[in-house]
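Structure assessment
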Amino acid sequence: MAADPRFFPAAAPLSLAEAAEIAGATLRGDPAQRIQGVGPLHEAGPRELSFLDNRRYAKLLATTRAGAVVLAPEMAASLPEGLAALVTPQPYLGFARIAARLHPAPAPSGTIHPTAVIAPDAKLGAGVEVGPQAVIGAGAEIGDGCIIGPLAVVGAGVVLGEGCRIGPHASISHCIAGRGVVLYPGARVGQEGFGFAVTPEGGFFTMPQLGRVLLGDFVEIGANACVDRGSQSDTVLGVGTRLDNMVQVAHNVRTGRSCVLVAQVGISGSATLGNGVQMGGQAGLTGHLTVGDGAQISAQAGVMGDVAPGERMAGSPAWPARETLRAFAALRRMGQKPGGA
Amino acid sequence: MAADPRFFPAAAPLSLAEAAEIAGATLRGDPAQRIQGVGPLHEAGPRELSFLDNRRYAKLLATTRAGAVVLAPEMAASLPEGLAALVTPQPYLGFARIAARLHPAPAPSGTIHPTAVIAPDAKLGAGVEVGPQAVIGAGAEIGDGCIIGPLAVVGAGVVLGEGCRIGPHASISHCIAGRGVVLYPGARVGQEGFGFAVTPEGGFFTMPQLGRVLLGDFVEIGANACVDRGSQSDTVLGVGTRLDNMVQVAHNVRTGRSCVLVAQVGISGSATLGNGVQMGGQAGLTGHLTVGDGAQISAQAGVMGDVAPGERMAGSPAWPARETLRAFAALRRMGQKPGGA
Amino acid sequence: MAADPRFFPAAAPLSLAEAAEIAGATLRGDPAQRIQGVGPLHEAGPRELSFLDNRRYAKLLATTRAGAVVLAPEMAASLPEGLAALVTPQPYLGFARIAARLHPAPAPSGTIHPTAVIAPDAKLGAGVEVGPQAVIGAGAEIGDGCIIGPLAVVGAGVVLGEGCRIGPHASISHCIAGRGVVLYPGARVGQEGFGFAVTPEGGFFTMPQLGRVLLGDFVEIGANACVDRGSQSDTVLGVGTRLDNMVQVAHNVRTGRSCVLVAQVGISGSATLGNGVQMGGQAGLTGHLTVGDGAQISAQAGVMGDVAPGERMAGSPAWPARETLRAFAALRRMGQKPGGA
């Protein structure tokens, strides 16, 4: 199945020679053969490129109608006669690069919709697109080539680097963002964090939230995800860090580069994450702790203390994954005995 | 307590004879008696209809001031003298049908607010209502009688069947929807999923998300819930499937008919659910697995493998509910011993 | 680090004498010394006030460059020579009061943006601010000094007390709110809850949701959080209750005063919470249960039954925290034995 032309403009065709070059792959097949789209092995047609990244699906090579396949050298032996291939040790990356050439992200139109409300002293870079009903506050600085979606709000003083995309209904305030930052629809960046003091009468007195959000280059914030600004220091997401939908990042959190937080993760206030930390869906971190570089936190885990670099944690409360697996295997055996433990 | 007239228009009264017919119930009482609203047993007044669905509340029959009650045949023995009743084996359904007659969902006004921004080539069916500041993109097709709420965004090319309701601040793109589909406020449908390849430098390269979202008739998507479009295939929600608030559905997920996903559930990419699957609040499914027809996943469960049809799963990691209950009962006994295990 | 002037107006300076009075603290130092901002101990400069609330950070007193520090009497012994101090048994509250005087919440501008769409019969109090593209429905009543943010929606008939703040992209319908209520960006209040009856064919028939949301004075609803209206009764949040981001409150839930629900908490339908209940992040309550005054529910806990006043619960399923801690300690020992249990 090619991309639906209702939603995606038709791609200009690529020759396999061009595709191989884009992917940094070795071509087995006719360099002049053309592809015009991409698709999964079981759905792609003869004008489309597919990929194989998982030995589990290798048997689909025998039946695919795809025009060509990107795959790893160790899979190449399974190639049927007549199926063109782009061979590379990183087939998923190679495939992504070709797909992005065939279907590039929409370029900014360079037009400002007349219904947008833009403060007179906001500075818009070259080629910026501003969608219908969007609102840009006083003194905001929008870098070249940014796309501000319909009904988005960019607050007063916000700075966006070049090529940022702010999705429909997203809001961003009190933030300095690098280039290539993406907010998906409904993302919330820069609002006040959850902070208050208890009064002698048992009520709550709001602690002013006086920090900012600093977003490194190419940070992405998923749909309806929330990143609160710092209370006195800043909330910081490092270069390339990606948040999936509905992730919560509380005030004063700091992450390193290239962290991956899957949907519905929650990070409590003032936690510090190193580079390359990965957290599975619905996992949570309590506040004021440190997670080292490259640590991996399983889905639904609940981390309550510092995590060493490279450590894998699982469970709620979270323990090193090996311990958790062993403990829960033992627990399950207790559940499988008819009489209980 | 009747519905507050600030928010709900006064209902035209129904006779008990009419109500019994709507509910498919047998009437015990005066067919000409009139009701004009509904309410719970402890709050309903003499002009209001109530219902009893749970033996726990049967004692309220003795004291209720309700004008009439919908209940099951086996409860009818508890009816006090003089309290009218509509007797049916499905009292909750019967009550819902009468309530919906008294308080129908708002009909589309058939007016387009002058502040809405509608692409010149969008096609709007008969009687469509478009609220203030809403945005409808190029080539979108809006079926007869749809309501597009204030500040909603319908993206380019989107197709909505008859009688859909898109709530305030909801956004929908890259989607083909059947009739009677409802998006609650802030729902996000059709945005890019979470997909990228790792580069040799440890950064991320975005995988273009080239699929769609297909929503069956009468699908409902809760407030601030998110349904990502497919990466190459489509994300599909079957007829009648209902998502509560803040549910996450990742790219390429497919569900059958009439699934029920309670608030804050998360479904990872490429999971497949059969018909009638039910998931309790905050439960999660890891990716690329299959859940059979009629399976039930408990609240907060974390499912990490395929689930057989009709199976009940509980716990994180999730096991068959019977095993989980037994295992945790044993675990709790360990916690109740003063010295620990 | 002082608050960034891009985002926060410069504060008028306070003398330490004035600050001490605001905080109800005893001053040790020069009453005429001036402060002009606040900051954490390791970042504050000589014109800024800091605070010490936690013995762990007492050693920072020796090196801080802050102009003065708010701290408790028992910490005062650690004060280095020449560092001014405001001594009070409630340093965090005192600090918050001073910070709020230096950096007050933005006052309403008293202007209605020309792009806002306001029903002719809506009633706006004195000094109300309505932002760009906001929508206010028929018959709504907005109290004096409210701020309706850009792109917010206030539904027909909604009543807001004095001094409420409705954030960008927030929506509120079917709601009567007290004074000082705050909705953060993207919060959803008053939409229909998740209710339906099953038809004989296995489909779902929507139960009309005919109740309201009643918000007590000073209730706060976090970014992208959801509070559904009641089905027949009302959903009620008591005075001063605070919801963090992405909290879910289902129909007919009732809370007492000053409850604290941390991010991503989920409360199922018809649960009743007493006064001062606290729930940690990602915790969940099943429906139709009662949680007593002052109960504390740990992060990620899953509460499945009534909770006594003052009880602490932890785990999923949740048990009294002492039992859970002991049980999981025993379980972990099983995971640490090389051979399993």
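Thresholds applied
- Residues numbered from 1 in each chain as written.
- Chains lettered and ligands numbered in written order.
- Predicted model: local features only at pLDDT ≥ 70, side-chain atom pairs only at ≥ 80, totals over all residues.
- Heavy atoms only, no water.
- Phe/Tyr/Trp six-rings, centres within 6.5 Å; stacked < 30°, edge-to-face > 60°.
- Lys NZ or Arg CZ within 6 Å of the ring centre and 35° of its normal.
- Contact = heavy atoms within 4.5 Å.
- Buried area = accessible area lost by both parts, 1.4 Å probe.
- Salt bridge = Lys/Arg side-chain N within 4 Å of Asp/Glu carboxyl O.
- Polar contact = N/O pair within 3.5 Å; in protein donor to acceptor, adjacent residues only side chain to side chain.
- Helix = DSSP H or I, 4+ residues; strand = E, 2+ residues; numbered from the N terminus.
- Least-squares fit on C-alpha atoms with pLDDT ≥ 70 in both.
- Buried < 20%, exposed > 50% of the residue type's maximum accessible area, 1.4 Å probe, protein only.
- Pairing = 2+ DSSP bridges.
- Arc of directions from axis to C-beta.
- Axes fitted to C-alpha atoms, helices over the stretch in contact; angles between N-to-C directions.
- Parallel < 35°, antiparallel > 145°, perpendicular 65-115°, else oblique.
- Left-handed = near helix turned anticlockwise from the far one by under 90°.
- Nonpolar A, V, L, I, M, F, W, Y, C, P; charged D, E, K, R; others polar.

**Let's talk about the packing of aromatic side chains**
A full pass over the atoms with the stated rule returns 15 aromatic pairs over all chains. The ring of Phe205(C) carries the charged tip of Arg97(B) above its face, separated from the ring centre by 4.9 Å.

**Things to note about the interface of chain C and chain A**
Listed by partner, the interface residues are 62 residues for chain C and 75 residues for chain A. For the pair chain C and chain A, the summed buried surface comes to about 5100 Å²; carbon and sulfur atoms form 62% of the total. The largest per-residue losses of area from chain C upon contact with chain A belong to Arg6(C), Phe7(C) and Arg242(C), which jointly make up 13% of the total buried on that side. Counting the contacts that link chain C with chain A gives four salt bridges. One salt bridge connects Glu192(A) with Arg165(C), and the closest N-O pair in it is separated by 3.2 Å. If you look at where chain C meets chain A, you find 30 residue pairs in polar contact (both at pLDDT 80 or more). At the level of secondary structure, the elements contributing two or more residues to the side of chain C that touches chain A comprise helix 2 (91-102), strand 27 (242-243), strand 29 (260-261) and helix 3 (321-336) of chain C. Among the elements that take part in the side of chain C that touches chain A, helix 2 of chain C stands out by supplying seven residues, more than any other.

**Description of the side chain of Ser258(C)**
By the element assignment, Ser258(C) lies in the loop between strand 28 (248-249) and strand 29. Contacts of Ser258(C), omitting those with residues within four sequence positions, involve Gly202(A), Gly203(A), Phe204(A), Val239(C), Gly240(C), Thr241(C), Gly276(C) and Val277(C).

**Some details on the relation of the copies chain B and chain A**
Take chain B, turn it by 120°, move it 0.0 Å along the axis, and it overlays chain A with an RMSD of 0.0 Å. What we have between these two chains is a three-fold relation. Mapped onto chain A, only 19% of the interface residues of chain B again fall at the interface, so the copies present different surfaces.

**Some points on unusual backbone geometry**
Residues and elements named next belong to chain A. A cis geometry characterises the amide bond from Ser 316 onward to Pro 317, with omega recorded as 5°. Note that Pro 317 resides in the loop between strand 37 (312-314) and strand 38 (319-320). Of note, Leu 151 is a non-glycine position whose phi angle comes to about 65°, a positive value. Tracing the backbone through its elements, the reader meets Leu 151 in the loop between strand 13 (147-148) and strand 14 (153-154). Taking relative accessible area as the criterion, Leu 151 reaches 0% and is therefore assigned buried.

**Here we look at the sheet that holds strand 33 (residues 284-285) of chain A**
Strand pairing in a sheet relies on backbone hydrogen bonds. The paired strands run either parallel or antiparallel. Read from one edge of the open sheet, ten strands run 8-11-14-17-20-25-28-30-33-36 (chain A), paired in parallel fashion. Either end of the sheet is taken by a strand with one partner, and the two such strands are strand 8 (117-118) and strand 36 (302-303) of chain A.

**Overview of helix 1 (residues 16-23) of chain C**
Residue and element names in this part refer to chain C. Of all the positions in helix 1, only Leu 16, Ala 19, Ala 20, Ile 22 and Ala 23 are classed as buried. The buried residues of helix 1 occupy an angular sector of 160° when projected down its axis, which confines them to one face. Gly 24 sits one or two positions beyond helix 1 and adopts a positive phi of about 65°.

**Looking at the pairing of strand 7 (residues 84-87) of chain A**
Side-chain positions along a regular strand alternate between the two faces of the sheet. Residue and element names in this part refer to chain A. Neither face of strand 7 is open: one carries Ala 84 and Leu 86, the other Ala 85 and Val 87, and all of them are buried. Pairing of strand 2 (residues 26-28) with strand 7, which is carried by three bridges, proceeds in the antiparallel orientation. Bridge pairing in strand 7 places Thr 26 opposite Val 87. Bridge count for strand 6 (residues 68-71) against strand 7 is four bridges, and the pairing is parallel. Looking at the pairing, Leu 71 lines up with Val 87 of strand 7.

**Observations concerning the packing of helix 1 of chain C against helix 2 of chain C**
Residues and elements named next belong to chain C. Direction vectors running N to C along helix 1 and helix 2 enclose 125°, while the axes themselves pass 8 Å from each other. As judged from the angle between their axes, helix 1 and helix 2 are oblique. Between helix 1 and helix 2 lies a crossing of right-handed hand. Between helix 1 and helix 2, the contacting residues are Ala 19, Ile 22 and Ala 23 on the first element and Gly 94, Arg 97, Ile 98 and Arg 101 on the second. Its residues assigned to classes, the contact of helix 1 with helix 2 shows four nonpolar, one polar and two charged.

**As for the sheet that holds strand 15 (residues 159-160) of chain C**
In spatial order, the strands read 9-12-15-18-23-26 (chain C); together these six strands make up an open sheet with parallel pairing. Edge positions in the open sheet fall to strand 9 (123-124) and strand 26 (235-237) of chain C, since each of these has one partner strand only.

Scope: geometric values only; no functional claims are made or implied.
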